[in-house]
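# Structural features, examined
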Amino acid sequence: MLHISTNVSIPDDEIELSAIRAQGAGGQNVNKVSSAIHLRFDIPASSLPEYYKQRLLAYKDGRITSDGVVVIKAQQFRTQEKNRADALTRLKELITAATRVQKNRIPTKATKASKTRRMDSKTQRGKTKALRGKVIE
């Protein structure tokens, strides 16, 4: 059971975990042991609340396919148990990030004093650059 929040959790049978061989260098052990974890989670077929499903399906993330399946590959650690925990943690973080509501940004106006300071500095820079011209004899 993966707990997302106090009242939302995902049963283990909805998360498909499979062990695969990790990529990259690792010596003799990497060719024999399947330590990486491939996690698949089908959003439309899950028991998540409808709000969570809609937010996840609308969320722009490369780990969510067009069919609504979350695919996470965890191969950071050497042991299968740590990679399994890492994959589940990343799934939980993805779901919480997708359901987090962004607060509206309130645009601010520049003060009159800041506009004046900006214009004065531009004028000063212009005068400095004007002095770099050719000397008239």
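Residues numbered from 1 in each chain as written. Predicted model: local features only at pLDDT ≥ 70, side-chain atom pairs only at ≥ 80, totals over all residues. Heavy atoms only, no water.

### Some points on helix H2 (residues 80–99)
Between the first and last C-alpha of H2 there are 29 Å, a value that for 20 residues agrees with the 28 Å anticipated at 1.5 Å per step. Contacts made by the buried residues of H2 are with strand E1 (2–3), strand E2 (9–10), strand E3 (15–20), strand E4 (36–42), helix H1 (50–58) and strand E5 (69–74). (Helix = DSSP H or I, 4+ residues; strand = E, 2+ residues; numbered from the N terminus. Expected span 1.5 Å × (residues − 1). Contact = heavy atoms within 4.5 Å.)

### Structural notes on the packing of aromatic side chains
Centre-to-centre distance and the angle between the planes together describe a pair of aromatic rings. Throughout the structure, instances matching the rule amount to one aromatic pair. Taking the centre distance of 6.1 Å and the plane angle of 85° together, the rings of tyrosine 51 and tyrosine 52 count as edge-to-face. Overall, the relative accessible area of 40% leaves tyrosine 51 in the partly exposed class. Accessibility expressed as a relative area gives 14% for tyrosine 52, which makes it buried. (Phe/Tyr/Trp six-rings, centres within 6.5 Å; stacked < 30°, edge-to-face > 60°. Buried < 20%, exposed > 50% of the residue type's maximum accessible area, 1.4 Å probe, protein only.)

### Quick look at the packing of H1 against H2
Between H1 and H2, the least distance of the axes is 8 Å, while the angle of their chain directions is 95°. By the angle class used here, H1 and H2 are roughly perpendicular. Along the contact surface, H1 presents Tyr51, Tyr52, Arg55 and Leu56, while H2 presents Leu94, Ile95, Ala98 and Thr99. A class-by-class count of the residues in the contact of H1 with H2 yields six nonpolar, one polar and one charged. (Axes fitted to C-alpha atoms, helices over the stretch in contact; angles between N-to-C directions. Parallel < 35°, antiparallel > 145°, perpendicular 65-115°, else oblique. Nonpolar A, V, L, I, M, F, W, Y, C, P; charged D, E, K, R; others polar.)

### Details of the nonpolar core
Ranked by size, the top nonpolar core spans 21 residues in total, and within it Ile10, Phe41, Leu56, Val70, Leu91 and Ile95 carry the most contacts. Elements with a minimum of two residues in this core: E4, H1, E5 and H2. It is H2 that contributes the most residues to this core, five residues altogether. Filtering out sequence-adjacent residues up to four positions away, leucine 91 remains in contact with Leu2, Ile15, Leu39, Phe41, Val70 and Ile72. (Core = buried A, V, L, I, M, F, W, Y, C linked by side-chain atoms within 4.5 Å.)

### Brief notes about the pattern of salt bridges
In a structure, side chains of opposite charge can pair up when their charged atoms sit close to one another. In the structure shown here, the tally under the stated rule is two salt bridges. We note a salt bridge from aspartate 61 to arginine 63, for which the minimum N-O separation is 3.0 Å. On the basis of relative accessibility, which here comes to 22%, the residue aspartate 61 falls in the partly exposed class. Given the relative accessible area of 29%, arginine 63 is considered partly exposed. As a salt-bridge pair, arginine 90 and aspartate 86 come within 3.2 Å of each other at their nearest N and O atoms. With a gap of four residues between them, arginine 90 and aspartate 86 both fall in helix H2, about one helical turn apart. (Salt bridge = Lys/Arg side-chain N within 4 Å of Asp/Glu carboxyl O.)

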